[in-house]
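As a plain string of letters, each chain reads:
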Amino acid sequence: AKKRKVEENSGHGHTDGHADMAKENVVPKPSLDKVLAIIARIEISPVEQPFEILGIAAESSNGHAIRKAYRRIALLIHPDKNPGWETKCQEALIKLQQGREQAEAELQRLGVYSDGPKVGETRSAA
């Protein structure tokens, strides 16, 4: 009976596991409390402390870490993903973007901004 049910659902007699893998990779939507806590952290963090806004350590940061932190937070607090909180999310997103720009500028000023190797380049000891 189970085999017949699988055939009816999938259109073929076997399962290849792709549907099961897709269910495992689904990231649960963060709770509104978590989103609001992130927004509150951004609101109270001064723009002069961009690494605090991004939630990363300045000492171990590079361009990749800054962009990764920005994308992760921006996806969580995006106004389209938080209906009813659009204004608050938009304000936090603007401040987050300012923090990212300032963090990148600070690393460039210190001469430690690194995106990693460019396409076609390799890391060498030279």
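The coordinates are above.
Residues numbered from 1 in each chain as written. Predicted model: local features only at pLDDT ≥ 70, side-chain atom pairs only at ≥ 80, totals over all residues. Heavy atoms only, no water.

A. Broad picture of the environment of Trp85. Its place among the elements puts Trp85 in the loop between α5 (63-77) and α6 (86-110). The partly exposed category is assigned to Trp85, whose relative accessible area is 32%. Remark: the alpha-carbon pair of Trp85 and Leu36, spanning 49 residues in sequence, is separated by 9.1 Å. (Helix = DSSP H or I, 4+ residues; strand = E, 2+ residues; numbered from the N terminus. Buried < 20%, exposed > 50% of the residue type's maximum accessible area, 1.4 Å probe, protein only.)

B. Here's a closer look at α6. Here α6 is 25 residues long and its end C-alpha atoms lie 36 Å apart, about the 36 Å a rise of 1.5 Å per residue gives. Looking only at α6, the buried set comprises Cys89, Ala92, Leu93, Lys95, Leu96, Gly99, Arg100, Ala103, Glu104 and Leu107. Downstream of α6 by one or two residues, Gly111 has phi in the positive range, about 75°. (Expected span 1.5 Å × (residues − 1).)

C. α5, seen in detail. For α5, with 15 residues, the first-to-last C-alpha span of 21 Å sits near the 21 Å given by 1.5 Å per residue. Buried within α5 we find Gly63, Ile66, Ala69, Tyr70, Ile73, Ala74, Leu76 and Ile77. All buried residues of α5 fall inside an arc of 170° around its axis, so they share one side. Turned more than 90 degrees away from the buried face of α5, the exposed residues are Lys68 and Leu75. One side-chain oxygen of the residue at the start of α5 lies 3.1 Å from the amide nitrogen of His64, identifying that residue as Asn62. (Arc of directions from axis to C-beta. Polar contact = N/O pair within 3.5 Å; in protein donor to acceptor, adjacent residues only side chain to side chain.)

D. Structural view of the pattern of salt bridges. Applying the stated criterion to the full structure yields one salt bridge. A salt bridge links Lys88 to Glu43; its shortest N-O distance comes to 3.5 Å. Of this pair, Lys88 sits in helix α6 while Glu43 sits in helix α3 (residues 32-44), and the two are 45 residues apart along the sequence. Taking relative accessible area as the criterion, Lys88 reaches 31% and is therefore assigned partly exposed. (Salt bridge = Lys/Arg side-chain N within 4 Å of Asp/Glu carboxyl O.)

E. Looking closely at the packing of aromatic side chains. Inspection of every chain in the model, using the stated rule, returns zero aromatic pairs. Positioned above the aromatic ring of Tyr70, the side-chain terminus of Arg100 is 4.6 Å from the ring centre. (Phe/Tyr/Trp six-rings, centres within 6.5 Å; stacked < 30°, edge-to-face > 60°. Lys NZ or Arg CZ within 6 Å of the ring centre and 35° of its normal.)

F. A look at the side chain of Lys95. Inspection of the secondary structure assignment puts Lys95 in helix α6. Lacking a salt bridge, the buried Lys95 has Glu48 as its closest oppositely charged neighbour, with an N-O distance of 7.7 Å. When sequence neighbours within four positions are dropped, the list of residues in contact with Lys95 reads Ile42, Glu43, Ser45, Pro46, Val47 and Ile53. (Lys, Arg positive; Asp, Glu negative; His and termini not counted. Contact = heavy atoms within 4.5 Å.)

G. Examining the packing of α5 against α6 more closely. Where α5 meets α6, the closest approach of the two axes is 10 Å, and the angle between their N-to-C directions is 180°. Judged by the angle between their axes, α5 and α6 are roughly antiparallel. Seen from α5, the contacting residues are Gly63, Ile66, Arg67, Tyr70, Ile73, Ala74 and Ile77; seen from α6, they are Cys89, Ala92, Leu93, Leu96, Gln97, Arg100, Ala103, Glu104 and Leu107. Taken together, the residues of the contact of α5 with α6 break down into eleven nonpolar, two polar and three charged. (Axes fitted to C-alpha atoms, helices over the stretch in contact; angles between N-to-C directions. Parallel < 35°, antiparallel > 145°, perpendicular 65-115°, else oblique. Nonpolar A, V, L, I, M, F, W, Y, C, P; charged D, E, K, R; others polar.)

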